[in-house]
Amino acid sequence: MRTTKKTALGVVAAVAALALTACGGSGSSDAADAAKPSDGKKSGASAKPAEKADGTTSETLRAGRPAAEEQELESDKKTGKFTVTGQRVVMGRPEDLKGSEEDEKKYKGKTVAYVYLSARLTGGAAPMKPPMIVTDIGALTEGDQPATRLMVIGSLPGTPSDCRDEDYTKPWNKGEERTLCQPFVVPQGKKVTHITFMRGFSKEPLKWALEK
């Protein structure tokens with residue numbers, strides 16, 4: 001299904017950005033006001049999570065460590081429980097984004113990051129048709145800036161050999177684990193610091209810290 005020439009590219013705003021905003025992330029004055037106590041006194045409830053020896057926090061996992069909370073994902077009227085793990089990021093080249101003249105203008109100063117996340121079907125309905133897991137994958141660059149999801153028809157010239165399309169014709173079996181890969185557009189010179197996984201709009205995304 002993938003091709004290597006005249007690849008059609010398109011970008012959409014990272015879903016992680018919406019989730020962070022919906023959860024009262026930075027820049028949300030309403031969330032900040034709601035957190036203030038009614039008597040006007042300062043509260044310690046908004047203190048940052050304690051930092052661990054490895055530099056991560058209680059709300060951030062190291063890359064390669066599975067999240068403790070199972071994710072319920074639906075497909076074809078079946079619900080499965082999945083354990084997800086942010087794995088790694090492979091950086092591409094600015095040349096990977098070159099296609100049409102319009103693409104070259106659009107992606108000037110940008111490059112590609114291939115984000116890997118694994119998922120294991122641990123419970124619920126099985127076997128089941130694959131749910132759309134890649135749409136929940138996200139990434140953050142330095143300064144906690146959301147990377148931009150890249151929608152690709154075909155493949156990019158520098159796509160890693162193990163970054164393949166999900167086979168939506170192959171059912172998931174209980175206990176099966178698959179590694180998923182999603183490309184993102186990021187600014188050149190900006191390091192990808194975290195992998196995220198969206199949990200709807202009522203919870204903050206899961207977050208994995210990459211090695212510095």
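Since the model is a prediction, treat every value here as computed from it, not as a measurement. (Residues numbered from 1 in each chain as written. Predicted model: local features only at pLDDT ≥ 70, side-chain atom pairs only at ≥ 80, totals over all residues. Heavy atoms only, no water.)

Before going further, it helps to examine the sheet that holds strand β11 (residues 206-209). Pairing is mixed in the open sheet, where five strands are placed in the order β2-β11-β10-β6-β7. A strand with exactly one partner marks an edge of an open sheet, and here the two such strands are β2 (61-62) and β7 (145-146). Pairing of strand β6 (residues 137-141) with β7 involves two bridges; the strand directions are antiparallel. Residue pairing for β7: threonine 141 is matched across the bridge by glutamine 145. (Pairing = 2+ DSSP bridges. Helix = DSSP H or I, 4+ residues; strand = E, 2+ residues; numbered from the N terminus.)

Moving on, we come to the state of the cysteines. This model, assessed by the stated rule, comprises one disulfide. Sulfur-sulfur distance for the disulfide between cysteine 163 and cysteine 181 comes to 2.0 Å. Because the sign of the S-S torsion sets the handedness, a value of about -90° for the bond joining cysteine 163 and cysteine 181 places this disulfide among the left-handed ones. Of this pair, cysteine 163 sits in the loop between β8 (148-153) and β9 (177-187) while cysteine 181 sits in strand β9, and the two are 18 residues apart along the sequence. (Disulfide = S-S within 2.5 Å.)

The next point concerns the packing of aromatic side chains. Per the counting criterion, the structure on display carries one aromatic pair. Each ring, one from phenylalanine 82 and one from tryptophan 172, has its centre 5.1 Å from the other, and the planes form 90°; the classification is edge-to-face. Pair noted here: phenylalanine 82 is in strand β4 (residues 78-91) and tryptophan 172 is in the loop between β8 and β9, with a separation of 90 residues, a long-range link. Neither phenylalanine 82 nor tryptophan 172 differs from the other in exposure class; each is buried. Over the aromatic face of tyrosine 116 sits the side chain of arginine 88, whose NZ or CZ is 3.8 Å from the ring centroid. If you follow arginine 178 out to its NZ or CZ, it ends over the ring of tryptophan 172, 4.5 Å from the centre. (Phe/Tyr/Trp six-rings, centres within 6.5 Å; stacked < 30°, edge-to-face > 60°. Buried < 20%, exposed > 50% of the residue type's maximum accessible area, 1.4 Å probe, protein only. Lys NZ or Arg CZ within 6 Å of the ring centre and 35° of its normal.)

Attention now moves to the environment of valine 89. Along the chain, valine 89 turns up in strand β4. Residue class for valine 89 comes out partly exposed when judged on its relative accessible area of 21%. Through-space distance from the C-alpha of valine 89 to that of isoleucine 195 is 8.1 Å; in sequence the pair is 106 residues apart. If we skip the residues at most four places from it in the chain, valine 89 touches Ala113, Tyr114, Val115, Val192, Ile195 and Leu210. (Contact = heavy atoms within 4.5 Å.)

Our focus in this paragraph is unusual backbone geometry. With an omega of 0°, the peptide bond between alanine 126 and proline 127 qualifies as cis. Within the fold, proline 127 resides in the loop between β5 (110-124) and β6. In this structure, aspartate 76 takes a positive phi of about 50° despite not being glycine. Among the secondary structure elements, aspartate 76 is positioned in the loop between β3 (71-75) and β4.

As a further point, take the side chain of arginine 178. Among the secondary structure elements, arginine 178 is positioned in strand β9. On the basis of relative accessibility, which here comes to 10%, the residue arginine 178 falls in the buried class. Reaching out from arginine 178, the side chain makes a polar contact with the side chain of glutamate 166 at a distance of 2.7 Å. One polar contact links arginine 178 to glutamate 176, side chain to side chain, over a distance of 2.9 Å. (Polar contact = N/O pair within 3.5 Å; in protein donor to acceptor, adjacent residues only side chain to side chain.)

A residue-level look at the protein finds 73% of positions with pLDDT of 70 or above and a mean pLDDT of 79. For residues 1-6, every residue scores under 50 in pLDDT, and the model assigns this stretch 12 contacts once sequence neighbours within four places are set aside. When the criterion is pLDDT under 50, residues 13-51 qualifies, and its contacts beyond four places in sequence or with other chains add up to 32 contacts. (pLDDT = per-residue confidence, 0-100.)

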